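A closer look at the structure
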Amino acid sequence: MKIFRRTVGALLLLAAALALILWLKPPALLRVGANYSAKIVCSNVFLAGRDPQTVLSEDVQSPGIALLRLMHVSVDRERGLVRAGLLGFIGDGLAQCRSGKGCTVLPDGKLDAAAAALPLPLTHDSSAAATSSAAWPDGTAVQTNPAMDRVLANDTLAGPGVRAIVVVDHGRIVAERYAHGFNASTPLLGWSMTKTVMAGVIGLLVKDGKLSLDQAGLWPGATDGREHIRVADLLAMSSGLQWNEGYGAVSDVTSMLYLQPDMSTFARSQPLAHPVGKFWLYSSGTAVILSRIAQEHTSEDITDFIRRRLFEPIGMTSAIIEPDEQGTPVGSSYMYATARDWARYGQFLLQDGTWQGQDLLPAGYVSMMATPVAASRGQYG
């Protein structure tokens, strides 16, 4: 019995020492998991008005990654903060809600004191949006087709985990379905659909003459070949930059999103691995580089620019692209919008970048976005 007690005591002491070491210096993988957990919970609590524990369970933990199942979160609603960690204290996960900008991961732990003093953004409410008796998308009136609604009500056809389905036919919403806890006013994370929106933002600047598709020299002082990378190469994911888009471990993309306060600088620092324009490689890094380029070529706050020039003209009242600590929109991943507003953007592209007779994007730009690039061997635009 005495040996057993000593063994148990030694194991407990070892476990305590290991927990202390992990707390003092958590490995990168734990920090990625903790910051991911904090970010997802933060956005869904402060933008979508969802319950934090539900978000942790359904959004963070349900995919089945063992590490994330051990994450715990705490929410400070008054300060707009979410902390997360393995067992609640290991990993230093931290995200902060900034008024009008959504939530930002703070991998360096530096809180934005000014942001904390501002009123938090209200959860999107359709009653606060501009309403009109005109049919969607020109207004907000929606009349669905009962037969189509019955089709969407079939769980087998809708698929597992469905949160929102909006069916648009000839420019009108003809059917929609929402899961329990979600509705037409709930902002939803678009993940990589954000890249297509950021491509539209670049198109606005091209139309303004502030950028051109052939513009290079985007790496000041570079003499290693990166100076030849053009805007078009970044849009086509053919920059030649080294990049690992794997999400199962600590990779370039997970490091960028959850360990870097300045995501664009991290992405821009990647070396050339292939000739510029000759090799297609899926890269969230190039989308964030484009976000910084857009930021550098606007004279106003980039969030305000996107809202004024793109979202407001087409009625996307719920849409927001959340930034990193430097204020650069995370144009690869972090746009939230209601399902109807995501559908608005799709309709906008179907209309070749025009809205109510106004040309927002250059003529032929949407066609260019959809045309497969040579480096992808005809597979991707």
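Residues numbered from 1 in each chain as written. Predicted model: local features only at pLDDT ≥ 70, side-chain atom pairs only at ≥ 80, totals over all residues. Heavy atoms only, no water.

**Focus on the overall build of the chain**
Counting secondary structure elements, the chain contains 15 helices and 11 strands. When burial is assessed residue by residue, the chain has 47% of its 381 residues classed as buried. Contacts spanning at least 24 positions in sequence make up 64% of the contacts within the chain whose residues lie at least 6 apart. As displayed, the chain offers around 18000 Å² of accessible surface, 57% of which is attributable to carbon and sulfur atoms. (Helix = DSSP H or I, 4+ residues; strand = E, 2+ residues; numbered from the N terminus. Buried < 20%, exposed > 50% of the residue type's maximum accessible area, 1.4 Å probe, protein only. Contact = heavy atoms within 4.5 Å. Areas by Shrake-Rupley, 256 points an atom, 1.4 Å probe, with all protein chains shown as cover.)

**Examining the packing of helix H2 (residues 28–46) against helix H3 (residues 52–61)**
The N-to-C vectors of H2 and H3 enclose an angle of 125 degrees; their axes lie 9 Å apart at closest approach. One way to sum up the angle between H2 and H3 is to call them oblique. In the crossing of H2 with H3, the sense of the turn from one axis to the other is right-handed. Judged by residue contacts, Tyr36, Ser37, Ile40, Val41, Asn44 and Val45 of H2 engage Pro52, Val55, Leu56, Asp59 and Val60 from H3. (Axes fitted to C-alpha atoms, helices over the stretch in contact; angles between N-to-C directions. Parallel < 35°, antiparallel > 145°, perpendicular 65-115°, else oblique. Left-handed = near helix turned anticlockwise from the far one by under 90°.)

**Section: the side chain of threonine 286**
Inspection of the secondary structure assignment puts threonine 286 in helix H12 (residues 284–296). For threonine 286, a relative accessible area of 2% gives the class buried. Setting aside residues no more than four positions away along its own chain, threonine 286 makes contact with Leu234, Met237 and Ser239.

**Concerning the nonpolar core**
Ranked by size, the top nonpolar core spans 78 residues in total, and within it Ile202, Phe311, Met335 and Phe348 carry the most contacts. The biggest single contributor to this core is H2, with 10 residues. When near neighbours in sequence (up to four residues on either side) are disregarded, isoleucine 202 contacts Leu211, Val231, Leu235, Leu290, Ala294 and Tyr365. (Core = buried A, V, L, I, M, F, W, Y, C linked by side-chain atoms within 4.5 Å.)

**Thoughts on helix H10 (residues 252–259)**
Among the eight residues of H10, eight are classified as buried, and the element is accordingly described as predominantly covered. Among the residues of H10, those classed as buried are Asp252, Val253, Thr254, Ser255, Met256, Leu257, Tyr258 and Leu259. In this structure, the buried side of H10 is in contact with H2, strand E4 (102–105), helix H11 (263–268) and H12.

**Brief notes about the packing of aromatic side chains**
Here a ring pair, both rings aromatic, is described through the centre-centre distance and the interplanar angle of the planes. Inspection of the entire model under this criterion finds six aromatic pairs. Consider the rings of tryptophan 191 and tyrosine 334, whose centres lie 5.8 Å apart with planes at 45 degrees: the pair is tilted. In this pair, tryptophan 191 sits in the loop between strand E7 (188–189) and helix H8 (193–208) while tyrosine 334 sits in the loop between strand E8 (320–321) and strand E9 (335–337), placing the two residues 143 residues apart along the sequence. Seen in terms of ring centroids, tryptophan 243 and phenylalanine 266 are 6.2 Å apart; in terms of plane orientation they differ by 70 degrees. Their pairing is edge-to-face. Placement of tryptophan 243 in the loop between helix H9 (231–235) and H10 and of phenylalanine 266 in helix H11 is noted, with a sequence separation of 23 residues between them. An aromatic cluster is built from Trp280, Tyr282 and Tyr380, whose rings are joined through pairwise contacts. Over the face of the ring belonging to tyrosine 334 we find lysine 39, whose NZ or CZ atom lies 3.9 Å from the ring centre. Residue placement shows arginine 268 over the ring face of tryptophan 219; its charged tip is 5.8 Å from the ring centre. (Phe/Tyr/Trp six-rings, centres within 6.5 Å; stacked < 30°, edge-to-face > 60°. Lys NZ or Arg CZ within 6 Å of the ring centre and 35° of its normal.)

**Focus: the confidence of the model for the chain**
Across the chain, the average pLDDT comes to 90, with 89% of residues at 70 or higher. Note that residues 10–24 has pLDDT below 50 and, in this model, nine contacts with residues that lie over four places away or in other chains. In the model, residues 123–129 has pLDDT below 50 throughout and makes 16 contacts with residues more than four positions away in sequence or in other chains. (pLDDT = per-residue confidence, 0-100.)

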